[in-house]
Amino acid sequence: MSWEQEIATAFRKIEELVSEGFLTEEQAQRLESVSEKYQFFLPRYYASLIDKSDPMCPIRLQAIPRWEESLSKKEEIADPLQDLQHQPVPRITHRYANRVLLHLTPNCSMYCRFCFRKSLLNELKSDLFSGALTDAFQYLKNQTEIQEVIFSGGDPFMVSEGALQQTLQALSHISHIKRVRFHTRVPVTLPSRVNSTFVDALTSTRFRPIVVTHFNHPKELTHQALEALFRLREKAVLLNQSVLLKNVNDEAHVLIQLCEKLFEAGVLPYYLHQLDSAQGTSHFYVDEDRGRAIVDEMRKRLPGYLVPRYVIDIVGDSHKREV
Ligand code: SF4
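Analysis parameters
Residues numbered from 1 in each chain as written. Predicted model: local features only at pLDDT ≥ 70, side-chain atom pairs only at ≥ 80, totals over all residues. Helix = DSSP H or I, 4+ residues; strand = E, 2+ residues; numbered from the N terminus. Rg over C-alpha atoms; globule rule 2.2 N^0.38 Å. Buried ≥ 20, exposed ≤ 12 C-beta atoms within 10 Å, placed from the backbone. Near = placed C-beta within 6 Å. Nonpolar A, V, L, I, M, F, W, Y, C, P; charged D, E, K, R; others polar. Pairing = 2+ DSSP bridges. Right-handed = clockwise from strand over helix to strand, strands pointing away. Axes fitted to C-alpha atoms, helices over the stretch in contact; angles between N-to-C directions. Parallel < 35°, antiparallel > 145°, perpendicular 65-115°, else oblique. Left-handed = near helix turned anticlockwise from the far one by under 90°. Contact = placed C-beta atoms within 7 Å. Core = buried A, V, L, I, M, F, W, Y, C linked by C-beta atoms within 7 Å. Expected span 1.5 Å × (residues − 1). Domains from an automatic or database assignment.

Enquirer: I keep staring at the overall build of the chain and nothing clicks. Help me out?
Expert: From N to C terminus, the chain includes 14 helices and nine strands. Taken against the 2.2 N^0.38 rule, which gives 20 Å for 323 residues, the C-alpha radius of gyration of the chain at 19 Å falls within 12% of a compact globule. Projected onto its principal axes, the C-alpha coordinates of the chain cover approximately 55 × 45 × 45 Å. Out of the 323 residues in the chain, the part that is buried amounts to 38%.

Spelled out as structure tokens, the structure:
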């Protein structure tokens, strides 16, 4: 199936999951308030990886809403990394001195249930994504200390090849920009999108792109995902960032298997991210002591280059901090 067909046939309403056997009617009814608050979008490819007989299937937990999302805890905030407070012009987040985030699209190939931009992709969408890119390009030209542009969620792999190429061309004319980096879940949840036309557009300028994939569990490294990575690795630097998620990957043996499979696919495990306190995500929280114990165990059983750095974003810091 082409990626356009995948988008056209994706699940968009929670009720659709009942007839396909992912949820009972009662479970779907319980999720009404969640679907009013947060978007739901699930491609059939990623849904096909769900073990329907396992209520705690790690793919299910990442993809299908749970009633816990409607709980609002005081420590959870809408914009945990303060994207909106570091927005000098529309579509730019400038938090670190020599690199910026450029937000191309609010669209994602799936709305991950643990997303730290959950509110920014939902009720606050227009705050982060409205406005033409012209002002952003002008800002980048004027700020000569900026060396790297990072394309981050929504998912930059969801823009058209034409729009991507135009953006990269505009950036390639700004001489102080040395690197472009893409953070994407598309190879995980919609690998058919990473076709050769897209890879050509991604690599059509002077930049050798850095692509940071977001695989969280070894089950996600399917034949289709490996094909997407194979197409990318010829022309891009591939790193992976996982988020530490309760009941998904909070076991050393799961992350060890993930890191080994990533390496076989030509991807270096780079970061293991402590979950940010975003609204509607506390049921995924793993405390830092447990996280450290998991990483210690990984160190005993893997060579150093396969152990990701366990990091946390602290608002106000000039870089991510080791946990
Ligand atoms: S792809 Fe990234 S930005 Fe989009 S919902 Fe998933 S985690 Fe959030």
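Enquirer: Would you take a moment to explain the site of the ligand for this structure?
Expert: The ligand sits among Cys108, Tyr111, Cys112, Cys115, Arg117, Gly153, Gly154, Asp155 and Arg185. Class assignment of the residues belonging to the shell around the ligand gives a composition of four nonpolar, two polar and three charged.

Enquirer: Teacher, can you tell me more about the pairing of strand 5 (residues 210–213) here?
Expert: Successive side chains on a regular strand alternate, one facing one side of the sheet and the next facing the other. The side-chain alternation of strand 5 yields one buried face, formed by Val211 and Thr213, and one unburied face, formed by Ile210 and Val212. Inspection of the sheet shows strand 4 (residues 179–184) paired to strand 5 by four bridges, in the parallel sense. If you follow arginine 181 over to strand 5, its bridge partner there is isoleucine 210. For strand 5 and strand 6 (residues 237–243), the ladder comprises four bridges, and the chain directions are parallel. Looking across to strand 6, one finds that valine 212 is bridged to leucine 239. Considered for its hand, the β-α-β crossover made up of strand 5, helix 12 (residues 223–233) and strand 6 is right-handed.

Enquirer: Is there a simple way to think about unusual backbone geometry in this case?
Expert: Trans is the common state for peptide bonds, and a negative phi is the common state for residues other than glycine. Although it is not a glycine, arginine 91 adopts a positive phi angle of roughly 80°. By the secondary structure assignment, arginine 91 is in the loop between helix 6 (58–63) and strand 1 (92–96). With phi around 70°, asparagine 247 is a residue other than glycine that occupies positive phi space. If you trace the backbone, asparagine 247 turns up in the loop between strand 6 and helix 13 (252–264).

Enquirer: Help me understand the pairing of strand 7 (residues 268–273) in this model?
Expert: Pairing of strand 6 with strand 7 involves five bridges; the strand directions are parallel. In the strand pairing of strand 7, valine 243 is matched with histidine 273. On the question of chirality, the crossover connecting strand 6 to the parallel strand 7 by way of helix 13 is right-handed. The pairing of strand 7 with strand 8 (residues 309–312) spans three bridges and is classified as parallel.

Enquirer: Before we go on, may I ask you to explain the packing of helix 13 against helix 14 (residues 288–301) in this structure?
Expert: Packed helices, taken two at a time, are described by the angle their axes make and the gap between the axes. One way to put it is that helix 13 packs onto helix 14 with a least axis distance of 9 Å and a crossing angle of 50°. By the criterion of interaxial angle, the relationship of helix 13 to helix 14 is oblique. In this structure, helix 13 meets helix 14 at a crossing whose hand is right-handed. On the side of helix 13, the interface is formed by Ala252, Leu255 and Ile256, while helix 14 contributes Ile294, Glu297, Met298 and Arg301. Here the contact of helix 13 with helix 14 is built from residues that sort into five nonpolar, no polar and two charged.

Enquirer: Whenever I open this one, the nonpolar core confuses me. Can you help?
Expert: Leu42, Tyr46, Ala63 and Leu102 are the most contacted members of the largest nonpolar core, which has 74 residues in total. Other than its neighbours up to four places away in sequence, alanine 63 contacts Leu42, Tyr46, Ala47, Ile50, Met110 and Arg113.

Enquirer: I'm lost on the sheet that holds strand 9 (residues 321–322) in this one. Help?
Expert: Strands belonging to one sheet form pairs held by backbone hydrogen bonds; the direction of such a pair is parallel or antiparallel. Across the sheet, which stays open at both edges, the nine strands sit in the order 1-2-3-4-5-6-7-8-9 with mixed pairing between neighbours. Sheet topology places strand 1 and strand 9 at the edges, where each strand pairs with a single neighbour.

Enquirer: Looking at this structure, how should I read helix 13?
Expert: Given 3.6 residues per helical turn, the α-helix brings residues three or four places apart onto the same face. The end-to-end C-alpha distance of helix 13 is 18 Å, a good match for the 18 Å that 13 residues give at a rise of 1.5 Å each. Residues of helix 13 that are buried in the fold lie against strand 6, strand 7 and helix 14. Backbone geometry just after helix 13 places glycine 266 at a positive phi near 85°.

Enquirer: What should I look at first to understand the domain arrangement of the chain in this one?
Expert: You'll often see interface size given as the accessible area lost when the parts meet. Domain boundaries in the chain define domain 1 (3–70) and domain 2 (84–322). Its C-alpha centre places domain 1 at a distance of 23 Å from the equivalent point of domain 2. On the domain 2 side, the residues contacting the 22 residues of domain 1 number 23 residues. Those elements giving two or more residues to the side of domain 1 that touches domain 2 turn out to be helix 1 (3–9), helix 5 (44–47) and helix 6. The element contributing the most residues to the side of domain 1 that touches domain 2 is helix 6, with five residues.

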